[in-house]
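Observations on the model geometry
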Amino acid sequence: MSDLMDCETCGAFTVYRRSHKCPPVWLVRYHDYAADDATEIYAHEAEEAAEKFIDESETDGCMEPDDVIVSRDGYEDKRFSVTGEYSVTWSAREVTK
Ligand SMILES: [Zn+2]
């Protein structure tokens with residue numbers, strides 16, 4: 001079996017499966033949602049968890065800031081305002097005629 005794979009638990013792309021360790025799991029929800037509605041997100045930092053949550057939740061392309069609550073056992077809840085921005089990629093193509 002190849003060592004190249006996505007981790008079945010956290011979804012991270014891993015080159016060396018044996019040395020892969022899943023990041024901790026955080027519970028993330030919109031600030032006005034009940035704690036029961038939180039989504040499990042694997043991330044190394046609370047900030048990363050907030051960003052991943054919005055990345056997976058926002059499907060309407062809305063870039064308005066969203067406030068989310070990030071929780072983890074043994075840590076105080078943290079609130080983040082998450083904003084997004086599009087980046088533009090330019091490409092040039094020679095015009096010959
Ligand atoms: Zn993993």
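Coordinates for the structure precede this section.
I will try to describe carefully the structure that is included in this document. On a predicted model such as this, the values are computed, not experimentally measured, just so you know.

**Regarding the overall build of the protein chain**
- Looking only at helices and strands, the protein chain has 1 helix and 6 strands in total.
- When burial is assessed residue by residue, the protein chain has 24% of its 97 residues classed as buried.
- Relative to all contacts within the protein chain whose residues are 6 or more apart in sequence, the contacts with residues 24 or more apart total 28%.
- Mean positive and mean negative side-chain charge positions of the protein chain (10 and 23 charges, respectively) differ by 9 Å.

**Concerning the coordination of the zinc ion**
- For the zinc ion, the full set of protein donor atoms is C7 (SG), C10 (SG), H20 (NE2) and C22 (SG), at a range of 2.0 to 2.3 Å.
- Each of the 4 donor atoms bound to the zinc ion contributes to angles spanning 102 to 117°, and the resulting shape is tetrahedral.
- Written as a sequence motif, the donor arrangement for the zinc ion is C-x2-C-x9-H-x1-C. Each member of the pair, C7 as well as C10, carries the same accessibility label: buried.

**Some points on the sheet that holds strand β3 (residues 25–30)**
- Here we have 4 strands laid out as an open sheet, ordered β4-β3-β5-β6, and antiparallel in their pairing. Here the strands that pair on one side only, and so sit at the sheet edges, are β4 (39–42) and β6 (78–82). In this sheet, neighbouring strand axes are inclined to one another by 35° on average, regardless of whether the strands run parallel or antiparallel.
- When strand β5 (residues 66–71) meets β6, the two strands line up antiparallel, connected through 5 bridges. Bridge pairing links I69 to R79 in β6.
- Each of β3, β4, β5 and β6 touches helix α1 (residues 46–57); the most contacted strand, β3, lies at about 55° to it.

**Details of the side chain of D66**
- Within the secondary structure, D66 is located in strand β5.
- The buried charged residue D66 lacks any salt bridge partner; its closest oppositely charged side chain belongs to R79, at an N-O distance of 9.8 Å.
- For D66, the residues in contact, after removing those within four places along its chain, are Y30, I54, E58, F80, S81 and V82.

**Observations regarding the packing of aromatic side chains**
- Scanning all chains against the criterion turns up 3 aromatic pairs.
- Relative to Y33, the ring of Y30 has its centre 5.2 Å away and its plane inclined at 55°; by these criteria the two rings are tilted.
- The buried category is assigned to Y30, whose relative accessible area is 14%.
- By relative accessible area, Y33 is classed as partly exposed at 42%.
- Seen in terms of ring centroids, Y30 and F53 are 5.1 Å apart; in terms of plane orientation they differ by 65°. Their pairing is edge-to-face. One end of the pair, Y30, is in strand β3; the other, F53, is in helix α1, and 23 residues separate them in sequence.
- Take F53: its relative accessible area is 4%, and that puts it in the buried class.
- Through successive ring pairs, a cluster of aromatic residues spans Y30, Y33 and F53.
- Geometry around W26 places R72 over its ring, the cationic atom sitting 4.9 Å from the centre.

Conventions we followed
Residues numbered from 1 in each chain as written. Predicted model: local features only at pLDDT ≥ 70, side-chain atom pairs only at ≥ 80, totals over all residues. Heavy atoms only, no water. Helix = DSSP H or I, 4+ residues; strand = E, 2+ residues; numbered from the N terminus. Buried < 20%, exposed > 50% of the residue type's maximum accessible area, 1.4 Å probe, protein only. Contact = heavy atoms within 4.5 Å. Lys, Arg positive; Asp, Glu negative; His and termini not counted. Charge placed at Lys NZ, Arg CZ, Asp CG, Glu CD. Donors = N, O, S within 2.8 Å, 3.2 Å for Na, K, Ca; no water. Tetrahedral: all angles 85-135°; square planar, octahedral: opposite > 155°, others 65-115°. Pairing = 2+ DSSP bridges. Axes fitted to C-alpha atoms, helices over the stretch in contact; angles between N-to-C directions. Salt bridge = Lys/Arg side-chain N within 4 Å of Asp/Glu carboxyl O. Phe/Tyr/Trp six-rings, centres within 6.5 Å; stacked < 30°, edge-to-face > 60°. Lys NZ or Arg CZ within 6 Å of the ring centre and 35° of its normal.

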